[in-house]
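# Fold and geometry: a report
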Amino acid sequence: MDVEYDEARRWSEQMQAELGDCLGKGFESSLPGKVNLDIQQNDLSDLVGLWNQMSENSRNTFSERFGQVASLLFVKIKEPLIHAAIQFWDPSYRCFSFNQVDLTPTLEEYTILLGLRLEYPCKIYVKKKPRPAETTLSVLLGIKREDLRTQITKKEDCECVSKEFLLDFIQGHLADEHGRAAFALAIYGLIIFPKVMGHVELHVMTLIEALYHRVNPTPAILAETFRSLNFCQRTGSGRFTGCAQLLYVWLQSHLDGKQKASAEPCLTNHPIRELCEVGWLIAKSKEDWVSFLLRLSEEQVVWMAPWMPQVSVLFRSGKMPWVPLFGLWGVIEHAPLLVLRQFGTTQFVPVTHGLMDEEYAFRESGALERKKSTLELWNDTQRMSLEPFEDKDKVAPGYEIWRNQRVKDVALSLVVQGLEAQKKEWEKEKSKLQEMVSQLKCGAVVQEINLSNIKRDRDMVQANLEDLQKENKKLKIQPSEEQEMETECLKAAVEFWKGKAKDNGQQLDKELQERQVLKEKHDQILLKLEMENKKLNSNIEFERRKHLEENERLVHECQFKEEMYSKAVRSMKEYQKRIEELEAQLNQN
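Now for a quick tour of the structure. Going along each chain's sequence as written, the residues are numbered from 1 onward. Totals for whole chains, interfaces and linings use every residue, but because this is a predicted model, local features are given only for residues with pLDDT of at least 70 and side-chain atom pairs only at 80 or more, for both listing and counting. To get the side-chain values, take all heavy atoms of the structure and skip hydrogens and water.

## Remarks on the overall build of the protein chain
Helix and strand labels come from DSSP, where a helix needs a run of H or I of at least four residues and a strand needs a run of E of at least two; each type is numbered from the N terminus. Helix and strand content of the protein chain: 18 helices and 14 strands. Each residue is placed in one exposure class: buried if its accessible area under a 1.4 Å probe, protein chains only, is under 20% of its type's maximum, exposed if it is over 50%, and partly exposed if it falls in between. Buried residues in the protein chain amount to 45% of all 589 residues. Any two residues whose heavy atoms approach within 4.5 Å are treated as being in contact. The long-range fraction of contacts in the protein chain, counting pairs at least 24 apart against all pairs at least 6 apart in sequence, stands at 81%. Surface accessibility of the protein chain: about 32,500 Å² in total, with carbon and sulfur atoms responsible for 51%. The accessible surface values rely on the Shrake-Rupley method and a 1.4 Å probe; as for residues, cover is taken only from the protein chains in view.

See the structure below:
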């Protein structure tokens, strides 16, 4: 069912006002200081070679069935960007919170990037009880089950098939449907869901089988991306098991400032392939990216990716104000109303209440019943109809207040790091201004020397003129023509030097006035810098004291527990001694 933008906005703002956010005002984040992410990738060179060996007709058939997933083979990831971005992932809201900006991958964006042509977008993949791996592989590859049993191995408690087996099979079936199914297994298992390195897991095989029935794989892809980001952020480490290539392309599309110059969207059927051809973002270190993202402003973001068309937004399932995503190994919610500017429309206050209620793994107890109730939500979905807005990239009244007051689930160290980075920038600016002031002072000294020389020359000319006038009066004779010419030359020289001295004096007065104005401005800037520096130092000192108080509280708590433990040990020893005395008395009796 489609809902108009204005109706969805009224509903969202009313619900948010009544229910509040998913995090209350008293919430304190317990996330680790930083995340050490492992983005280990499978070697894809053999798959690239096999793709290049396929005929154009076979490639087109593959793309018709599975979309443009083969384009992911050619994505060269710059890991520092992903390492930096994960530090800003908010696991409660399922979004990246970069300074003033909230960004998150959406179902519609991933569908466009992968070039999926979906007749029924809400016909999603839902994990069912899988059949034995050899049965599923037998259907996909057309091989007898008995011949496959030796190829199935157990890795990390999962039934898997090796990358080498798939590569050998594809090599012999490049032109037939079984070979294309094996190629899809390799891409989905080694790139999109790389849970077990060098192997394709059983649930990926089940997904590929479902793709032949035209299901939508995007919710599963997005779900495992979110679940992996949440796990790594909450634990402070771990291997990223989402699709790193797809996440990197998405990040580049929204952070590449060069695309802001494009007035019109550059719609294409092969966005990933064309991004590979035009080149990627300038290489930076993780520290440079963190510093950039800490200061990221709304003006620096490419809100609507250039390859993104105007589409309706799936924003609600059943009575819930969000969309549950079914992955291969669990469920997680998604709130697209957080990032409406990514669809080219005005951002209003989103409803986020209950966003953390439906996150669970299928292996948890009670997951089967929860999965049934969650699946029913997909029977009643709502989409928001959007038309091109003149005020795209803008926000509705009240949004900025809501975002600034919203409780965020981010590491405290990022806040301190942001303050320190800002302090360093102010110190750099301060040193530049001080250097400029020093240069102006040196220039003033030079100008004063020049002025002194000009005054000296002027006085000398004036003295010569007066001497000549006195000589003329003493002689009191009619000057000859030669003397008159000489006198005229001297007068002309005197007038020239007088004019030059006057011009130099006026120019010097002007420069002195300008220098005085600059000095006053620089003094004001330095005063402002000192005030900002004091404020930053105060904030950092507050955070430091807060951590020290927390550490002291923990130390006192540990000391108290140690005393209680010591008392308990002494009591146990006394009881033991008493028992031994009683046993001795019993033995004597």
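We are not done yet, so read on.
## Let's talk about the packing of aromatic side chains
Centre distance within 6.5 Å is the pairing criterion for rings of Phe, Tyr and Trp, where only the six-membered ring of Trp is used; planes under 30 degrees apart are then read as stacked, over 60 as edge-to-face, and the remainder as tilted. Taken as a whole and judged by the stated rule, the model has 18 aromatic pairs. With 4.8 Å between their ring centres and 70° between their planes, W89 and F96 make a pair best called edge-to-face. Seen in terms of ring centroids, Y399 and W402 are 5.8 Å apart; in terms of plane orientation they differ by 40°. Their pairing is tilted. Here the residue Y399 and the residue W402 both occupy positions in helix α16 (residues 399-405), the gap between them amounting to 3 residues, near one helical turn. Accessibility classification places Y399 together with W402 in one group, the buried group. To sit over a ring, a charge needs its Lys NZ or Arg CZ within 6 Å of the ring centre and within 35 degrees of the ring normal. Directly above the aromatic system of F292 lies the positively charged group of K284, at a separation of 4.5 Å from the ring centroid. Above the face of the W303 ring, R341 is positioned so that its terminal group lies 3.8 Å from the ring centre.

## Regarding the pairing of strand β4 (residues 95-98)
Of the two faces of β4, both are covered, the one formed by C95 and S97 as well as the one formed by F96 and F98. For two strands to pair, DSSP has to find at least two bridges joining them. Where strand β3 (residues 89-90) lies against β4, 2 bridges are found, and the strand directions are antiparallel. Within β4, the residue paired with W89 across the bridge is F96. What sits between β3 and β4 in their antiparallel hairpin is a turn of 4 residues, with R94 showing a positive phi close to 55°. As judged from the 3 bridges shared by β4 and strand β5 (residues 101-103), these two strands associate in the antiparallel manner.

## Considering unusual backbone geometry
Of note in this structure, N99 is not a glycine but carries a positive phi near 50°. Assignment of secondary structure puts N99 in the loop between β4 and β5. Backbone geometry at R214 places phi at a positive 65°, although glycine is not the residue there. Assignment of secondary structure puts R214 in the loop between α10 (202-211) and α11 (218-235).

## Here's the deal with the nonpolar core
Within soluble globular proteins, side chains that are nonpolar generally end up buried alongside one another. Within this scheme, the nonpolar core is defined by two criteria: the residues are buried Ala, Val, Leu, Ile, Met, Phe, Trp, Tyr or Cys, and they are joined through side-chain atoms within 4.5 Å. One finds F183, Y188, F193 and M384 to be the most contacted residues of the largest nonpolar core, which totals 127 residues. Broken down by element, the residue count for this core peaks at 10 residues, all from helix α9 (residues 177-192). In this view, Y188 contacts F66, V69, F193, V204, L207, I208, L211, P217 and I221; residues no more than four positions away in its chain are not counted. By size, the runner-up hydrophobic cluster in this structure holds 13 residues, among which are C22, C95, L377 and Y399.

## Focus: the sheet that holds strand β12 (residues 330-334)
The sheet built from 3 strands is open, its strands ordered β11-β12-β13 with antiparallel pairing. Looking at the sheet topology across the chains shown, the edges are occupied by β11 (323-326) and β13 (360-361). Of the pairings in the sheet, the one linking β12 to β13 comprises 2 bridges and is antiparallel in character. Of the residues in β13, the one forming a bridge with V331 is Y360. Only the stretch in contact is used when fitting a helix axis, every axis being a line fitted to C-alpha atoms; angles between N-to-C directions are given from 0 to 180 degrees. Packed on one face of the sheet, α11 meets β11, β12 and β13 and runs near 90° to β12.

## Focus: α11
For α11, which comprises 18 residues, the first-to-last C-alpha distance of 26 Å matches the rise-based estimate of 26 Å (1.5 Å per residue) to within 8%. Phi for G236, located one or two positions after α11, is positive at around 85°. By this rule, a helix spans an expected 1.5 Å times one less than how many residues it contains.

## Quick look at α9
In this model α9 runs 21 Å from its N-terminal to its C-terminal C-alpha over 16 residues, within 8% of the 22 Å that 1.5 Å per residue would give. The element α9 is extensively covered by neighbouring structure, given that 14 of its 16 residues are classed as buried. Residues adjacent in sequence count toward polar contacts only when both atoms are side-chain atoms; beyond that, a polar contact is any pair of N or O atoms within 3.5 Å, and within protein one must be able to donate a hydrogen and the other to accept it. Of the residues flanking the start of α9, the one acting as N-cap is D176, its side-chain oxygen 3.2 Å from the backbone nitrogen of H178.

## Regarding a positive patch on the surface
Two joining distances apply to patches: 9 Å for like charges and 5 Å for nonpolar side chains (Val, Leu, Ile, Met, Phe, Trp, Tyr), and every residue must have over 30% relative accessible area and no salt bridge. Whenever a carboxyl oxygen of Asp or Glu lies within 4 Å of a side-chain nitrogen of Lys or Arg, that contact is scored as a salt bridge. Two residue types count as positive, namely Lys and Arg, and two as negative, namely Asp and Glu; His and chain ends fall outside the count. Note that the charge is assigned to NZ on lysines, CZ on arginines, CG on aspartates and CD on glutamates. A cluster of basic side chains, namely K284, R295, K428 and K432, defines a positive patch on the protein surface. Within the element layout of this structure, K428 appears in helix α17 (residues 412-475).

## Describing the sheet that holds strand β6 (residues 152-155)
With respect to topology, 3 strands assemble into an open sheet ordered β6-β7-β8, the strand pairing being antiparallel. At either end of the open sheet lies a strand with only one pairing partner, and these are β6 and β8 (199-201). Put simply, the sheet's adjacent strands are angled 45° from each other on average, direction ignored. Pairing analysis gives 3 bridges linking strand β7 (residues 158-162) to β8, with the strands arranged antiparallel. Residue pairing for β8: V161 is matched across the bridge by V200. Against the sheet, α10 contacts β7 and β8, and its axis sits at roughly 65° relative to β8.

## A word on the pattern of salt bridges
The tally for this structure, following the rule as stated, stands at 14 salt bridges. Across the salt bridge formed by R180 and E177, the nearest N and O atoms sit 3.1 Å from each other. Placement of the pair is R180 and E177 together in helix α9, with a separation of 3 residues, close to one helical turn. The class of R180 is buried, set by a relative accessible area of 9%. Taking relative accessible area as the criterion, E177 reaches 29% and is therefore assigned partly exposed.

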